[in-house]
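# Examination of the molecular architecture
Each chain, letter by letter, is given below.
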Amino acid sequence: MTDQENGLKRGARTVQALEKSMMVSSTDVQMLSAAFKKQDRATAATADNTPATQPDQKIVREGTDYFVVDAAGNKSPLTGIENPYALDAAIDAPRLYAQGKLFFEYMRRHWTGLIGRPKTILDAGCGSGYLTNAMSTLFPEAVIVGVDRSEKNLNEAKSSYEKNAKITFVQGDIQEDLHVPDDSQEMIHLSLVTLHLQHPEKFFALAYKALKPGGMLYLKDPYAGFPNLVPQGTASAELMKNLFDTAEKLGSHPYITDEIPELALAAGFLAKNIKVHLERYFIGSHDAQSRIAMSTAYASAINAAPYTEKLGVAPAAHTQELFMNASEEVMGTNLGGHTIRFPYPYIIYIIKKPLS
């Protein structure tokens, strides 16, 4: 199967999981499935005419250093990556703050119904701690541990939330150590983290050990078929595709929502305890929420532009141009007032550890 043919299938397994879930309305599933299939056909119609222009490169890690290795085996340093599952904290902080506020409103409205009131929470890949503190606000009785690899992120988290005695922040790689005892956590939370893990199977094995019997793993990541939902032939489509391609070359898993059930089963979780939920936004200019969704999605691409160029996906100047054109497509400034609008879904997996 070619890369193009494989790309057409991405997202299909996630839709199948949603169709089986009792946690998602049939209307939402139909919306996502119909949009996916529509773009699937549009992409398939032009698949044979799409040239492969990206060089065969990969990222390797040696100790704490990262290198780009091309098809011939030539190696060059890749600087500026302090954390393999996040952009540099200083660059990405404003975008993450806006994104955190968007997510907190969803948490405030839906979480009690989805997860109850956990008393012990591990926030894995906590970043600068905004959502860690948000969870403490929602569940003031909970004892929370936030773990992140980035020293910069944790310094900001400690500075912002050190007065909250219910939260402890620890530096560490969640693929190696979760820094909590076995069978101790009622919930392990990851928000847009799983897709960035280079070895997600290691994390799942650790998470299974750390959860109490009956405890839950709460994972949220972008829908694997998201690039298929963006109107094809637009700057927005190219910008998002380049972002996903860059993430893959960095060793991340941008299509992780298709893979999560298999990872969970391999770690010891049971299929009957895997539930799927859809957190749905739209990218557009029709309301404040859709404009925030646009800014957080498109800013990810512009913040990653140095890596996109280094990895041979697209020159940084081209990414900047795409960013401006994509923003204008959504705001309508270059279409005579006409705008594009499309789904921006996140997939939530709630996976419970067996009671025995």
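We now turn to the structure provided with this report. (Residues numbered from 1 in each chain as written. Predicted model: local features only at pLDDT ≥ 70, side-chain atom pairs only at ≥ 80, totals over all residues. Heavy atoms only, no water.)

## So, helix H6 (residues 151-161)
Restricting attention to buried positions, one finds in H6 the residues Asn153, Leu154, Ala157 and Tyr161. Down the axis of H6, the sector holding all buried residues measures 90 degrees, keeping them to one side. With a side-chain oxygen positioned 3.4 Å from the backbone nitrogen of Lys152, the residue opening H6 is Ser150. (Buried < 20%, exposed > 50% of the residue type's maximum accessible area, 1.4 Å probe, protein only. Helix = DSSP H or I, 4+ residues; strand = E, 2+ residues; numbered from the N terminus. Arc of directions from axis to C-beta. Polar contact = N/O pair within 3.5 Å; in protein donor to acceptor, adjacent residues only side chain to side chain.)

## Some thoughts on the environment of Gly11
Counting through the fold element by element, Gly11 comes out in the loop between helix H1 (3-9) and helix H2 (12-20). The class of Gly11 is buried, set by a relative accessible area of 0%. Measuring from C-alpha to C-alpha, the distance between Gly11 and Tyr255 comes to 7.4 Å, with 244 residues separating the pair along the chain.

## Side note on the pairing of strand S5 (residues 143-148)
Counting buried positions over the 6 residues of S5 gives 5, a clear majority of the element. With respect to chirality, the unit in which strand S4 (residues 120-124) leads through helix H5 (residues 130-138) into the neighbouring parallel S5 is right-handed. Bridging between S5 and strand S6 (residues 167-171) involves 5 bridges; their strand directions are parallel. Paired with Val147 across the strands is Val170, a residue of S6. One crossover worth recording links S5 to the parallel S6 by way of H6, and it is right-handed. (Right-handed = clockwise from strand over helix to strand, strands pointing away. Pairing = 2+ DSSP bridges.)

## Regarding the packing of helix H9 (residues 235-249) against helix H13 (residues 316-331)
Where H9 meets H13, the closest approach of the two axes is 8 Å, and the angle between their N-to-C directions is 135 degrees. Here H13 runs oblique to H9, going by the angle between their axes. Crossing hand, H9 versus H13: left-handed. Along its contact with H9, which presents Ala235, Ser236, Glu238, Leu239 and Asn242, the element H13 presents His318, Thr319, Leu322, Phe323, Asn325, Ala326, Glu329 and Val330. Looking at the contact of H9 with H13, its residues break down into 6 nonpolar, 5 polar and 2 charged. (Axes fitted to C-alpha atoms, helices over the stretch in contact; angles between N-to-C directions. Parallel < 35°, antiparallel > 145°, perpendicular 65-115°, else oblique. Left-handed = near helix turned anticlockwise from the far one by under 90°. Contact = heavy atoms within 4.5 Å. Nonpolar A, V, L, I, M, F, W, Y, C, P; charged D, E, K, R; others polar.)

## Overview of the pattern of salt bridges
Counted under the stated rule, the structure contains 8 salt bridges. Between Glu105 and Arg108 there is a salt bridge, with the nearest N and O atoms lying 2.5 Å from each other. Note that Glu105 and Arg108 are positioned in helix H4 (residues 89-115) at a spacing of 3 residues, about one turn of the helix. For Asp183, the salt bridge identified is with Lys353, shortest N-O distance 2.9 Å. Here Asp183, found in the loop between S6 and strand S7 (185-191), pairs with Lys353, found in the segment after strand S10 (342-352); they are 170 residues apart in sequence, far enough to count as distant. On the accessibility criterion, Asp183 (43% relative accessible area) is partly exposed. (Salt bridge = Lys/Arg side-chain N within 4 Å of Asp/Glu carboxyl O.)

## Quick notes on the packing of helix H11 (residues 288-303) against H13
Look at H11 against H13: their axes get within 10 Å of each other, and the N-to-C directions meet at 170 degrees. The orientation of H11 relative to H13 falls into the category roughly antiparallel. Where H11 abuts H13, its residues Arg291, Met294, Tyr298, Ala299, Ala301 and Ile302 lie against Thr319, Gln320, Phe323, Ala326, Ser327, Val330 and Met331. Looking at the contact of H11 with H13 residue by residue, the class counts come to 9 nonpolar, 3 polar and 1 charged.

## Comments concerning H11
Along its 16 residues, H11 runs 22 Å from first to last C-alpha, staying within 8% of the 22 Å computed at 1.5 Å per residue. Three or more residues of H11 are buried, namely Ser290, Ala293, Met294, Thr296, Ala297, Tyr298, Ala299, Ser300, Ala301, Ile302 and Asn303. N-capping of H11 is provided by Asp287, with a side-chain oxygen placed 3.3 Å from the backbone N of Gln289. (Expected span 1.5 Å × (residues − 1).)

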